Amino acid sequence: MFALGLLALTAVLLIALTLWRRRSPGALRLIEAYERLNRSVGLAVESGTRLHISLGRGNLFTTRAGSALAGLAMLRRLAERTSVSDRPPVVTSGDAPLAILSQDTLQSGYRAAGAEDQYRFTTGRLTGLTPFSYAAGTVSTIHDESVSANIFVGDFGAESGLLAEATDRENTSLIAASDNLSAQSIFYASSQEPLIGEELFAAGAYVGAGASHEASLNVQDILRWLIILAILIGSVLKLGSSL
Amino acid sequence: MRIFTAAFAIAAGFIVLLGYFFPAQLESFRLLLVDWAIVIAGMAVLVGIFNLIAVQMEKIRNRQKGGSYGVILIVSLFITFVFGLVLGPAHPYMRLAMDAIIVPVEASLMAILAVTLIYASIRLLRRRVDVMSIVFLVVAVVFLIAILPTPFGPLLGERGNQALVDFLGMFSQGGTRGLLIGIALGTLLTGLRVLFGIDRPYGGN
């Protein structure tokens, strides 16, 4: 019942803060990687190059789905913003349902921008079903498709090292975030402005995906403080009982 | 149609979620919905493979860079698919295709990855010189030294090595827990947004 109560509290906070954020949008702290992302989107449209967005291989039936869904929310907004470009963004993923969702999301973005006829289903790609086949397929996209910026948001493993190396060879921007600790450490070593931990889930808010994404950040902050409080109270009680 | 899709997705999501909290009332319905989802995900793999072929065909047709690899991929895919259907996945020839081609190729990619990671670490300081980068590199090197097998046994002795690993682990485990709590909170909020239909990755947005 505690879990259900926590879920209900989170849901109420999300709805209330979303309504509040619609009336008064909040200011977000500066995250260099997202600044770079927004710059890269503008540059890609102006220079006629392509954005490459990779959503990893987060299976939608596992807890890894969260990062994939966060990537899709960001993709929706990026598709809308880059639909006028000569070269549409290309999206790769290593999970079949995720690839289909990426196609749907791309199409939604184009539709919202009034450019649905520009949409091609081959821009949302399944590049492989195992970690390394996914990496091999994605590396060829990085090399062959006139990509100016690579955005990796989702569940990646050690194969992310190969992807980061490919972006470096092509001298293109890399903005990367993952829910996987191995991939986080690889991206930390490989990208100029690394995104750590829950910063992945802030992607939507920083690309202007709406009030609900800003509200999500506020709710995360509230819950984080509650957890800190619980840890501190627990530590004090434990210390008190051992004395 | 879009409203129907969204309504169905939201209803299914709520039933599956509530099924965990009220198993006596909703367990069977939850399992039925999850079974349907698994069947659809199985079909999605076929759609994904069709997409893979379409992308490669486009590359070949437009004579794009890397098109020749696309030819190899489609021919290999077709041969494996036909042989898999005729012989079955457990046939020795099919296993040979796995053991002699796919496993060695992935193993060699793993080997390249090891070199790639060392190279990335070396270039980290060229890319970004700050305190955290230096701490990151120093800890990685110290940890590697601590677990390095040598002909003389552990470099710092059994106890010394264990003390070093425990000391570093104290920080890394704390950091890991902090990161995982943050990721769990992010996942929770992302899931709720999808559940309420605020984010609709199934094309209803």
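Residues numbered from 1 in each chain as written. Chains lettered and ligands numbered in written order. Predicted model: local features only at pLDDT ≥ 70, side-chain atom pairs only at ≥ 80, totals over all residues.

(A) Quick peek at the overall build of chain A. Within chain A, the regular secondary structure consists of 9 helices and 5 strands. Taken from N to C terminus, the helices and strands of chain A fall in the order α-α-β-α-β-α-β-α-β-α-β-α-α-α. The globule rule puts the C-alpha radius of gyration for 243 residues at 18 Å, and the 19 Å found for chain A is close to it. Counting only C-alpha atoms, chain A reaches 65 × 40 × 30 Å along its principal axes. Across the 243 residues in chain A, those meeting the buried criterion constitute 56%. (Helix = DSSP H or I, 4+ residues; strand = E, 2+ residues; numbered from the N terminus. Rg over C-alpha atoms; globule rule 2.2 N^0.38 Å. Buried ≥ 20, exposed ≤ 12 C-beta atoms within 10 Å, placed from the backbone.)

(B) Geometry of the domain arrangement of chain A. All names here are of chain A. What the domain assignment lists for chain A is domain 1 (28-209) and domain 2 (210-243). In this assembly, 6 residues from domain 1 lie in contact with 5 residues from domain 2. A class-by-class count of the residues in the side of domain 1 that touches domain 2 yields 4 nonpolar, 1 polar and 1 charged. (Domains from an automatic or database assignment. Contact = placed C-beta atoms within 7 Å. Nonpolar A, V, L, I, M, F, W, Y, C, P; charged D, E, K, R; others polar.)

(C) Molecular detail of the interface of chain A and chain B. In this complex, chain A contributes 53 residues to the contact, which on the side of chain B involves 48 residues. For the side of chain A that touches chain B, the secondary-structure elements that each account for two or more residues are α1 (2-23), α3 (65-82), α4 (96-112), β3 (124-126), α5 (131-144), α6 (160-169), α7 (181-190) and α9 (211-242) of chain A. Per element, the largest residue contribution to the side of chain A that touches chain B is 9 residues, and it comes from α4(A). Looking at side-chain class alone, the side of chain A that touches chain B contains 29 nonpolar, 16 polar and 8 charged residues.

(D) Seen up close, the packing of α3(A) against helix α6 (residues 157-195) of chain B. Where α3(A) meets α6(B), the axes come as close as 9 Å, and the angle between the chain directions of the two elements is 60°. Taken together, the axes of α3(A) and α6(B) lie oblique to each other. Once α3(A) is placed against α6(B), the crossing between them reads as left-handed. Of the residues in α6(B), those in contact with A:G66, A:L69 and A:A70 of α3(A) are B:G186, B:T187, B:T190, B:G191 and B:V194. When grouped by side-chain class, the residues that make up the contact of α3(A) with α6(B) number 3 nonpolar, 5 polar and no charged. (Axes fitted to C-alpha atoms, helices over the stretch in contact; angles between N-to-C directions. Parallel < 35°, antiparallel > 145°, perpendicular 65-115°, else oblique. Left-handed = near helix turned anticlockwise from the far one by under 90°.)

(E) Representation of the sheet that holds strand β2 (residues 90-93) of chain A in the model. Residues and elements named next belong to chain A. Ordered by their spatial adjacency, 5 strands build an open sheet running β3-β2-β1-β4-β5, and the pairing between neighbours is parallel. On the outer flanks of this sheet lie β3 and β5 (173-178), each paired with one strand and no other. For this sheet the average axis-to-axis angle between neighbouring strands, irrespective of direction, equals 15°. Where strand β1 (residues 50-56) meets β2, 3 bridges bridge the pair, whose relative direction is parallel. What sits directly across from H52, in β2, is V90. Across the face of the sheet, helix α2 (residues 32-47) comes into contact with β1, β4 (147-155) and β5 while running at roughly 135° to β4. (Pairing = 2+ DSSP bridges.)

(F) Expanded view of the confidence of the model for chain B. The pLDDT averaged across chain B works out to 87; a share of 99% of its residues lies at or above 70. For this predicted complex, the interface score ipTM comes out at 0.91, alongside a pTM of 0.89. (pLDDT = per-residue confidence, 0-100.)

(G) Quick look at the packing of α1(A) against α6(B). Packing of α1(A) against α6(B) leaves a shortest axis separation of 11 Å and a crossing angle of 65°. In terms of axis orientation, α1(A) runs roughly perpendicular to α6(B). α6(B) is crossed by α1(A), and the crossing has right-handed handedness. Residues A:T10, A:A11 and A:L14 of α1(A) form the contact with α6(B), whose participating residues are B:L188, B:L189 and B:L192. Residue classes in the contact of α1(A) with α6(B) are distributed as 5 nonpolar, 1 polar and no charged.

(H) Here's a closer look at the pairing of β4(A). Residue and element names in this part refer to chain A. For β4, the tally of buried residues reaches 9 of 9 residues, placing the bulk of the element in the interior. Note that β1 and β4 share 6 bridges and pair parallel. The residue bridging S54 from the neighbouring strand is F152, located in β4. In terms of strand pairing, β4 meets β5 through 6 bridges, oriented parallel. Within β5, the position partnered with V153 by the bridge is A177. At this point the chain moves from β4, through α6, to the parallel β5, and the crossover so formed is right-handed. (Right-handed = clockwise from strand over helix to strand, strands pointing away.)

(I) Geometry of unusual backbone geometry. One non-glycine residue with positive phi stands out, namely A:N171, at about 60°. Inspection of the secondary structure assignment puts A:N171 in the loop between α6 and β5. The backbone of B:R63 shows a phi angle near 50°, a positive value even though the residue is not glycine. Mapped onto the elements, B:R63 comes out in the loop between α2 (23-61) and α3 (67-87). Residue B:R63 is classed as exposed on the basis of its 8 C-beta neighbours within 10 Å.

(J) α2(B), seen in detail. Under the 1.5 Å per step criterion, the end-to-end length of α2(B) is 54 Å for 39 residues, consistent within 8% with the ideal 57 Å. Of the surrounding elements, those touching the buried residues of α2(B) are α4 and β3 of chain A together with α3 of chain B. (Expected span 1.5 Å × (residues − 1).)

(K) Up close: the nonpolar core. Residue and element names in this part refer to chain A. Core analysis: the biggest nonpolar cluster contains 77 residues, and A70, M74, L75, L78, I151, V153 and A203 have the highest contact counts within it. Broken down by element, the residue count for this core peaks at 10 residues, all from α3. Split by domain, the residues of this core number at least three in each of domain 1 (28-209) and domain 2 (210-243). The residues contacting L75, other than those within four sequence positions of it, are I53, V91, S102, T105 and L106. (Core = buried A, V, L, I, M, F, W, Y, C linked by C-beta atoms within 7 Å.)

(L) Geometry of the environment of B:F81. Residues and elements named next belong to chain B. Position of F81 among the secondary structure elements: in helix α3. The class for F81 is exposed, based on 11 C-beta atoms found within 10 Å. Between the C-alpha atom of F81 and that of M94, which follows or precedes it by 13 residues, the distance is 10.0 Å.

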